[in-house]
Number of protein chains: 2
Amino acid sequence: MSLRHALLGLLDFRPGSGYDLLKIFNTSLGYVWPAKQSQIYGELTKLDATGLIKVTEEGPRGRKQYSLTPEGHAEAVRWLVETQESRPQRNPMLLQTFFLGLLPREEAVKRLLQHADTSAKEYDALLALRDTEDWDRDMLSACGRLVLEHGLRQRVLEQEWARWAADQLLAGPATEPAGEAGAADAHESSTTGEARTGK
Amino acid sequence: MSLRHALLGLLDFRPGSGYDLLKIFNTSLGYVWPAKQSQIYGELTKLDATGLIKVTEEGPRGRKQYSLTPEGHAEAVRWLVETQESRPQRNPMLLQTFFLGLLPREEAVKRLLQHADTSAKEYDALLALRDTEDWDRDMLSACGRLVLEHGLRQRVLEQEWARWAADQLLAGPATEPAGEAGAADAHESSTTGEARTGK
DNA sequence: TCCTTCATGTAACCGGTTACATGATTGT
DNA sequence: ACAATCATGTAACCGGTTACATGAAGGA
């Protein structure tokens, strides 16, 4: 039920209509929590009904500007301090990696390197985004900057990992797809066999 | 519709019952694609109905062992080679980060450092897992090893990023100019504020 | 005998996606 | 006049979660 809190967070920062909020989801926020128009409007109606937000102004085309009620603000803060968001972390790409053994080895390697390539492109896009915006306007954009940095590091990780994984497959067992386990050979070839801890 | 393909992938590797598959989801596979008992059984029934899998053996307690049909295998391979899995990437933790500005600064910093701590613990757990299993039995466990390595690197990233982000907040806006908050701090090696590219 | 594990199924619910539908206002 | 944008709403569907329900087989 995180969309609820995303809306509260945005409205706490600045009042706005469903349409305003949608635009934010389509740009910055959508990177970490996508939401569609229909869902946003529905959730706003519910939030209004439960008294966490209310209509504070009405505009031209039936536009309804929402603001947080005190209860809404309290709920937003409560969510931030109390909630330990854990990871369901459904990762389709890792799911596919899990089954890469079904493919001929070169095909699997190709797949991993494609992932590296995609990540590189995403990295560039994020970098461009970082250099166009100014990130010191307010607290929201300052925090957006933190999130963006996470995205950048994530893309670096994806590239490094994918290349490492491809190496592993090449250095690995000499079996055909769906075949028997072959002769084990000592790998642990490169230095990156173990992620370093920052603990 | 990824559960479908997860099941196909598992059954391609080795025939099994819903119960068998469930155990796999509760351990290794659950890290990247959780699934509940009810969903697994439902999906197996559907896959059977569409002819991608079939019952090849019946056991003691109504146990039904499923195997892939040729069409099922083809579909599994097609999914692996054709599908470009992109990221909806809903990340609750980054969503919260986005709104950290609602909290007093020290509270926000605390939140980030908690995240670092959690990630450190998860890192240790994964490391333990890595050292108990043997990862050279077959192609499936070999690929599982790749996925696990991704998890390790991910946890390292989370820690480094969270500490960097905490620093950013402390060094950031001077909205409350209550003295110098640790003026000259030598950042740890990798925290330049810019993720290095591996392109 | 009794408990645990094995083994499957189904129904209600919820968050999110797709698609359809409507109409007012503004700028060219 | 016309197109683009602003602005809201709703209904069908789908994947996933929670919870309930049943019973057979094996080991103590």
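Just above sits the structure.
Heads up: these notes are all about the structure in this document. Values in this document were obtained by computation on a predicted structure and should not be read as measured data. (Residues numbered from 1 in each chain as written. Chains lettered and ligands numbered in written order. Predicted model: local features only at pLDDT ≥ 70, side-chain atom pairs only at ≥ 80, totals over all residues. Heavy atoms only, no water.)

1. Some details on the interface of chain B and chain A
Just so we agree on the cut-off: We call two residues contacting when some pair of their heavy atoms lies within 4.5 Å. Throughout, buried area stands for the accessible area (probe radius 1.4 Å) lost by two parts on being put together, summed over both. What counts as a salt bridge is simple: a side-chain nitrogen of Lys or Arg found within 4 Å of a carboxyl oxygen of Asp or Glu. Side-chain atoms alone can form a polar contact between residues adjacent in sequence; in general such a contact is a pair of N or O atoms within 3.5 Å, and within protein one must be able to donate a hydrogen while the other accepts it. The secondary structure listing takes helices from DSSP runs of H or I that are at least 4 residues long and strands from runs of E that are at least 2 residues long, numbered from the N terminus. Note that Gly is not counted as nonpolar here; it falls among the polar residues with everything else outside the nonpolar set of Ala, Val, Leu, Ile, Met, Phe, Trp, Tyr, Cys and Pro and the charged set of Asp, Glu, Lys and Arg.
On the side of chain A, 83 residues touch chain B, which itself brings 84 residues to the contact. Buried area between chain B and chain A, both sides added, is near 8,200 Å², and the carbon and sulfur share of it is 64%. Per-residue buried area on chain B facing chain A is highest for B:Leu80, B:Phe98 and B:Arg153; these three make up 10% of the total on that side. Our enumeration of links across chain B and chain A arrives at 0 salt bridges. For the pair chain B and chain A, the interface holds 15 residue pairs in polar contact (both at pLDDT 80 or more). Secondary structure elements with two or more residues in the side of chain B that touches chain A: α1 (2-13), α4 (70-82), α5 (92-98), α6 (105-132) and α7 (139-171) of chain B. A per-element tally of the side of chain B that touches chain A places α7(B) first, with 24 residues. Split into classes, the residues belonging to the side of chain B that touches chain A amount to 39 nonpolar, 23 polar and 22 charged.

2. Regarding the relation of the copies chain B and chain A
Let me state the cut-off plainly: Residues reaching a pLDDT of at least 70 in both copies supply the C-alpha atoms on which the copies are superposed by least squares.
The two copies are related by a screw operation: chain B maps onto chain A through 180° of rotation and 0.0 Å of translation along the axis, at an RMSD of 0.1 Å. Expressed as an axis order, the relation between the two copies is that of a two-fold axis. The residues that chain B uses at the interface reappear at the interface of chain A in 94% of cases, marking a shared surface.

3. What about the protein's contact with DNA strand D?
Our working definition: Consider each residue's heavy atoms; a residue with any of them within 4 Å of a molecule or strand counts as near.
Surrounding DNA strand D, one finds 19 residues, the nearest of these being A:Tyr19, A:Tyr41, B:Lys36, B:Ser38 and B:Gln39. Each atom of DNA strand D within 4 Å of the protein belongs either to a base or to sugar and phosphate, the latter forming 66%. Here a phosphate oxygen of DNA strand D sits 2.7 Å away from a polar atom, N or O, in the side chain of A:Tyr41. Between DNA strand D and A:Lys64, the relevant distance is 2.7 Å, taken from a phosphate oxygen to a side-chain nitrogen or oxygen of the residue.

4. Examining the pairing of strand β1 (residues 53-58) of chain B
Residues and elements named next belong to chain B. Quick reminder of the rule: Should DSSP find at least two bridges between two strands, the strands are taken to pair.
With 5 bridges joining them, β1 and strand β2 (residues 64-68) adopt antiparallel strand pairing. Looking at the pairing, Ile53 lines up with Leu68 of β2. Between the antiparallel neighbours β1 and β2 lie 5 residues, among them Gly62 with a positive phi of about 70°.

5. Some remarks on the pattern of salt bridges
Once their charged atoms are close, side chains differing in charge can pair, the charge on each being opposite to the other. We count it as follows: Per-residue accessibility, obtained with a 1.4 Å probe over protein chains only, is compared with the maximum for each type, and a residue is labelled buried under 20%, exposed over 50%, and partly exposed between these values.
Throughout the structure, instances matching the rule amount to 20 salt bridges over all chains. Two residues, A:Lys121 and A:Asp117, come together in a salt bridge whose shortest N-O distance is 2.8 Å. Here A:Lys121 pairs with A:Asp117, and both are found in helix α6 (residues 105-132), just 4 residues apart, close to one helical turn. Overall, the relative accessible area of 54% leaves A:Lys121 in the exposed class. Among the ionic pairs, B:Glu149 bridges to B:Arg145, the shortest N-O distance being 3.5 Å. Of this pair, B:Glu149 and B:Arg145 both sit in helix α7, 4 residues apart, which is roughly one turn of the helix. Note on accessibility: B:Glu149 and B:Arg145 belong to one class, buried. Residues joined by salt bridges that share partners form a network here, namely A:Glu75, A:Arg78 and A:Glu82.

Honestly, that's just the spatial picture; any functional story needs more than this.
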